[in-house]
Every structure is written in structure tokens, then in C-alpha cells.
Amino acid sequence: LAQSEYIPEQRNLNSEELCLVQTIYFEARGESFIGQIAVANVVMKRLNSKSFPNTICNVVRAGKYWKGNPVRNKCAFSYWCDGKSEKMYDIVAYDEAIQVANLVLKGAVIDPIKDATHYHAFYVRPSWSLKLKRITRIGKHIFYR
């Protein structure tokens, strides 16, 4: 249910932590705890790769921009440019995203997808998925390296 007030983006998070929490919240809040960790692992794998930006926020906000704004549906992480608000309303999902982010920032990794740099929902088939090696599916997401 939509609520009239959103959760303040505080909780003593720095901007990088908040970017990871938002990614977990918007990309995987309906997933299991393991599925949420897996999504966060992809962010961290990209962060630690020379092929991707060197901050969490830049990793999750990567994509095509026009006049300083992300082009709809042309981002590395779909929530960032889907045209929807980044306001979080589900306090339980928000608290879980914080827990997941804290674990992942301390090094928690889902071993089968430790090398994954990409994922997508099972019900879409992006063109890039044909060029990468499929690793596994966790919940609604398929992971690739």
C-alpha cells in the first residue's frame, strides 16, 4: 500500500551507502534476503572492476544522459531511469536493505554469483545478455559474468 509519507533518506548513511541501499530497495525489495545480497554483490563487483566507475553511486547511476538527466530505460540499473520517484515508502523493506548493504559492505558474497557483473529480471531479455555467460538465477533475477 502506498503511504502518504516517505522514509527520510537518513539513518546515518553516507551518500555511497545510501546509493547501495536505494539499489537494493528498488531493484530487489521483493526478493529473498539472498536475492538482495546477490544484487548488491553485482554493484560491488562492478565497483571493484576497472571496467566500471569507481564509486557506488556512479556504478548505479551509469547510463546515457541528456542535458544532465538520465535517459529513460538507458541506465545500468533500471530503477535510476525508469521515470519513477526514488522515494522509499516501505519501512520494513528499507530496514532490510540497510541490513543487506551493511553485510555486503563488510564483505558478504553469494558464492555462486561472486563473479557476476550483470543481472536482469527473468521476464526481460536485454541484448547484452546474449554476449555474457549466464551463471544462475536467484529469485526473479538471472546473473551473468
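Residues numbered from 1 in each chain as written. Predicted model: local features only at pLDDT ≥ 70, side-chain atom pairs only at ≥ 80, totals over all residues. Heavy atoms only, no water.

Q: How should the packing of aromatic side chains be read in this particular structure?
A: The geometry of an aromatic ring pair comes down to the distance between the two centres and the angle between the two planes. A complete count under the given rule lists seven aromatic pairs for this structure. Considering the side-chain rings of Phe-26 and Tyr-79, the 5.5 Å spacing of their centres and the 10 degrees angle between planes classify their relative orientation as stacked. A residue pair is termed long-range when its members are at least 10 positions apart, and Phe-26 in helix 1 (residues 15-28) and Tyr-79 in the loop between strand 2 (69-75) and helix 4 (91-105) qualify at 53 residues. A centroid spacing of 5.4 Å and a plane angle of 85 degrees characterise the contact between Trp-128 and Tyr-144, whose relative ring orientation is edge-to-face. Of this pair, Trp-128 sits in the loop between strand 3 (118-121) and strand 4 (134-138) while Tyr-144 is found in strand 5 (residues 141-144), placing the two residues 16 residues apart along the sequence. The exposure class assigned to Trp-128 is partly exposed, which follows from its relative accessible area of 27%. Under the relative-accessibility criterion, Tyr-144 is labelled buried at 7%. Linked through ring pairs, Tyr-25, Phe-26, Tyr-79 and Trp-80 together constitute an aromatic cluster. (Phe/Tyr/Trp six-rings, centres within 6.5 Å; stacked < 30°, edge-to-face > 60°. Helix = DSSP H or I, 4+ residues; strand = E, 2+ residues; numbered from the N terminus. Buried < 20%, exposed > 50% of the residue type's maximum accessible area, 1.4 Å probe, protein only.)

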